[in-house]
Amino acid sequence: MSMTYNGSQGMFSLARLFLLSMWLFLAFSILDPVGSVFRLKAVFFFTSCAISGAFYIACMRAKINRNLLISLFVIVFIVPFLSYIVVYLCDVSDVDPLIRTQYLVAFIPLVLLLPVVTFHLPVQRLVVAPLLLLCVLIFLVFTSSVLNLDFGHGLAKFLDQKISAAKIGIRDFNGFLVYMVYYKTSVLLVFLMAYFASSRSFFSLLVCFLITIIMVISATRANAIIGIGILGSYVFFYLRDRNLVLSYLYFFSCVVIAIFAVYFGHKYFFSSDEISNQIKIGHINGYVEYFKSAGGSIIYGAGAGSGFYTPGYHKIIYSSELSYLEIYRVYGLLALPFLGLLLFPIFKYKRLGREFTIAWLSYLLIAGTNPLLVSSTGMVAILIIYGKLMDRYRGTY
């Protein structure tokens, strides 16, 4: 593991302690996303903040990116505060207090982005072990649940109702039934695929294939389709680096297979008659109607915890899985700094490399139809991609 700094043995120990604290924070964020099992995610977040603060003081020559500092201050503190104030200024009476709290604290983990960028912390490598453990966990839960349905039923109650970390059960795609194990942080496996694919070896493709199986097990359209798409892209890169003609034959074969897959799978996965799609379409219609009558809130947002009526559920809801529309509804133009933070790595694709660029674009696509941005999972994803972005300039102990 590496991290840029120059100093004495004491500084070395402090740096190692910071890496350990960050690793534990990331591990608990991935494996215990809600913090209802070990309750240590917040502990190691504040520990990491404290140690990084001490490291800043010790490294007097450490250069802090002022633009990043200002951006983070706005995103983490100013935007949530203003969204809180908007609710009172607009006299919004119907507010969900839990959702409001979520929007107020969701961006706080981004505080760690400052030491990640300043000290070139390779977050994309720190998360490898926790994500591999997540793969093993999902696979064991899936196989044990399939082999013993009673056990799977009891496990489903524990993971969903007790700790709110995963969902286990039968997913109905318009009559096509699939047994699923959906873990909330499984979307982060796109970065694990990118990490291994970066070595550009045949073995790395085999590992990516196994990870893709884990993503398919989650039985969400986005995870499965994007996972298969990422694997296909990495195979294409592998072939192109070795045989250009073979790579283009492979590409056209994939296009043909994709066309047939969409044609035959449309009824089950893409039809507007499918329940999940009906809900999403209803939400979109709800957003359209809301924005038509939003008035000034289309500029400054509806505020944290506010709701809107959606035909998807035929009632008022306070948050939806259509993340980008929801972020704009809540924050309005105040969301621009955060959206800019998401888009910035795309323009640095040469520094990210093709594998992580695809992983980041894939994550943003999946997050568009799942509540994976304004959450600890979204913040971890940002830390990972910015850690990779700074990796080119890292130093070594």
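Just so we're clear, the structure is a prediction, and the values are computed from it rather than from any experiment. (Residues numbered from 1 in each chain as written. Predicted model: local features only at pLDDT ≥ 70, side-chain atom pairs only at ≥ 80, totals over all residues. Heavy atoms only, no water.)

**Details of the packing of aromatic side chains**
Here a ring pair, both rings aromatic, is described through the centre-centre distance and the interplanar angle of the planes.
Step number 1: By the definition in use, this model includes 29 aromatic pairs.
Step number 2: Where Phe-344 meets Tyr-386, the ring centres are 6.3 Å apart and the plane angle is 10°; that geometry is what we call stacked. Linking Phe-344 in the loop between helix 16 (336-343) and helix 17 (349-352) with Tyr-386 in helix 19 (residues 376-391), this pair joins segments that are 42 residues apart in sequence.
Step number 3: An aromatic cluster of at least three residues, connected via ring pairs, comprises Phe-236, Phe-237, Tyr-248, Phe-251 and Phe-252.
Step number 4: Lying across the ring of Tyr-290, Arg-329 places its NZ or CZ 6.0 Å from the centre. (Phe/Tyr/Trp six-rings, centres within 6.5 Å; stacked < 30°, edge-to-face > 60°. Helix = DSSP H or I, 4+ residues; strand = E, 2+ residues; numbered from the N terminus. Lys NZ or Arg CZ within 6 Å of the ring centre and 35° of its normal.)

**Brief notes about the pattern of salt bridges**
Step number 1: On inspection of all chains with the given rule, the structure shows six salt bridges.
Step number 2: Here Glu-289 and Lys-292 are joined by a salt bridge, their closest N and O atoms 3.7 Å apart. Here Glu-289 and its partner Lys-292 are both found in helix 13 (residues 275-292), three residues apart, which amounts to about one turn of the helix.
Step number 3: One network of salt bridges, with partners in common, ties together Arg-200, Asp-241, Arg-354 and Glu-355. (Salt bridge = Lys/Arg side-chain N within 4 Å of Asp/Glu carboxyl O.)

**What about the confidence of the model for the protein?**
Step number 1: With 95% of its residues at a pLDDT of at least 70, the protein reaches an overall mean of 89.
Step number 2: No element of the protein has a lower mean pLDDT than helix 8 (residues 149-162), at 76, and none a higher one than helix 9 (residues 189-197), at 97. (pLDDT = per-residue confidence, 0-100.)

**Examining the side chain of Arg-354**
Step number 1: Relative to the assigned elements, Arg-354 resides in helix 18 (residues 354-367).
Step number 2: Contacts of Arg-354, omitting those with residues within four sequence positions, involve Arg-200, Phe-237, Arg-240 and Asp-241. (Contact = heavy atoms within 4.5 Å.)

**Things to note about a nonpolar patch on the surface**
Step number 1: On the surface, Phe-73, Phe-77, Ile-78, Phe-81, Leu-82 and Val-111 cluster together to form a nonpolar patch covering roughly 520 Å² of accessible area.
Step number 2: Mapped onto the secondary structure, Phe-73 falls in helix 3 (residues 66-89). (Patch = residues over 30% accessible without salt bridge, like charges linked within 9 Å, V, L, I, M, F, W, Y side chains within 5 Å. Areas by Shrake-Rupley, 256 points an atom, 1.4 Å probe, with all protein chains shown as cover.)

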